[in-house]
Amino acid sequence: MKILEEPSITVSISTISSNLEVFVASFPFNQLSDADEVLIIIQGHDEKIYFPELKNFKLIYDSNYGLSSSRNIGIENANSDFIWFLDDDIILIENGVKKIKNHIKANNNFDLHTVRIKHSNNFPYKNYTNKKKLGRLDALKVSSVEIIVSRDFILNNNLRFNKNLGLGSNFPSNEENIFYLDIFDKGGLISHFPEYLLEHEYIDRKSIHF
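These notes cover the structure that comes with them. (Residues numbered from 1 in each chain as written. Predicted model: local features only at pLDDT ≥ 70, side-chain atom pairs only at ≥ 80, totals over all residues. Heavy atoms only, no water.)

### Digging into the pattern of salt bridges
One pass over the full model with this rule turns up eight salt bridges. Across the salt bridge formed by K105 and E6, the nearest N and O atoms sit 4.0 Å from each other. With K105 in helix α3 (residues 96-106) and E6 in the segment before β1 (9-16), this pair connects stretches of sequence that are 99 residues apart. On the accessibility criterion, K105 (43% relative accessible area) is partly exposed. Its relative accessible area of 49% is what places E6 among the partly exposed residues. The shortest N-O distance in the salt bridge between K99 and E195 comes to 3.5 Å. Here K99, found in helix α3, pairs with E195, found in strand β9 (residues 190-200); they are 96 residues apart in sequence, far enough to count as distant. On the basis of relative accessible area, E195 is assigned to the partly exposed category, the value being 31%. (Salt bridge = Lys/Arg side-chain N within 4 Å of Asp/Glu carboxyl O. Helix = DSSP H or I, 4+ residues; strand = E, 2+ residues; numbered from the N terminus. Buried < 20%, exposed > 50% of the residue type's maximum accessible area, 1.4 Å probe, protein only.)

This is how it looks when you write it as structure tokens:
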């Protein structure tokens with residue numbers, strides 16, 4: 001692995017045409033100012049729409065659907081040292097990109113870094129480990145938006161998200177867990193940065209009826 005004095009970050013955001021208006025109106029685009037590149041992959045949409053002006057900003061239109069497909073488009077188009085995969089309903093906290101850059105710089109022997117997400121009411125999204133280095137079983141608790149991965153590592157090992165898994169596929173989950181395990185099985189080192197850099201709207205799951 002090459003030593004990075006100042007790691008660069010591509011933030012790759014997945015969205016779909018039906019969510020565009022809400023996404024553009026609510027996403028804190030100003031929090032992306034420290035990103036070296038911002039990719040927004042819009043599935044099912046082929047018309048131009050106004051986005052806030054961003055540095056190194058690129059819209060990618062995809063006529064297909066599927067979260068894993070969108071993640072892979074981000075991988076193929078990213079130009080930075082690391083890729084951070086986000087969704088259109090995730091809030092990136094202030095200085096979140098700068099904080100993960102500092103973490104990567106201080107832990108530059110790792111190939112994948114994970115962070116924490118909290119609900120909008122400040123409660124943790126899940127129970128997180130206190131380990132600094134993660135292993136195989138930790139794959140079961142990782143969400144794709146918590147992953148920041150070395151672009152060189154996944155390209156050199158020809159790793160991608162499985163298109164048969166994830167939202168928009170026949171098996172709409174676990175794509176991030178398999179991706180994590182593929183990286184681990186190729187000898188990738190995985191760290192955990194114990195800070196809440198992401199926020200998601202609170203959902204009272206007890207009130208959801210099936």
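### Some remarks on unusual backbone geometry
Backbone geometry places N158, a non-glycine residue, at a positive phi of 55°. For N174, which is not glycine, the phi torsion reads 70° and is therefore positive. Here N174 lies in the loop between α4 (151-156) and α5 (175-185).

### Comments concerning the environment of F171
Residue placement: F171 occurs in the loop between α4 and α5. By relative accessible area, which is 54% here, F171 ends up exposed. Excluding its chain neighbours within four sequence positions, the residues that come into contact with F171 are N164, L165 and G166. (Contact = heavy atoms within 4.5 Å.)

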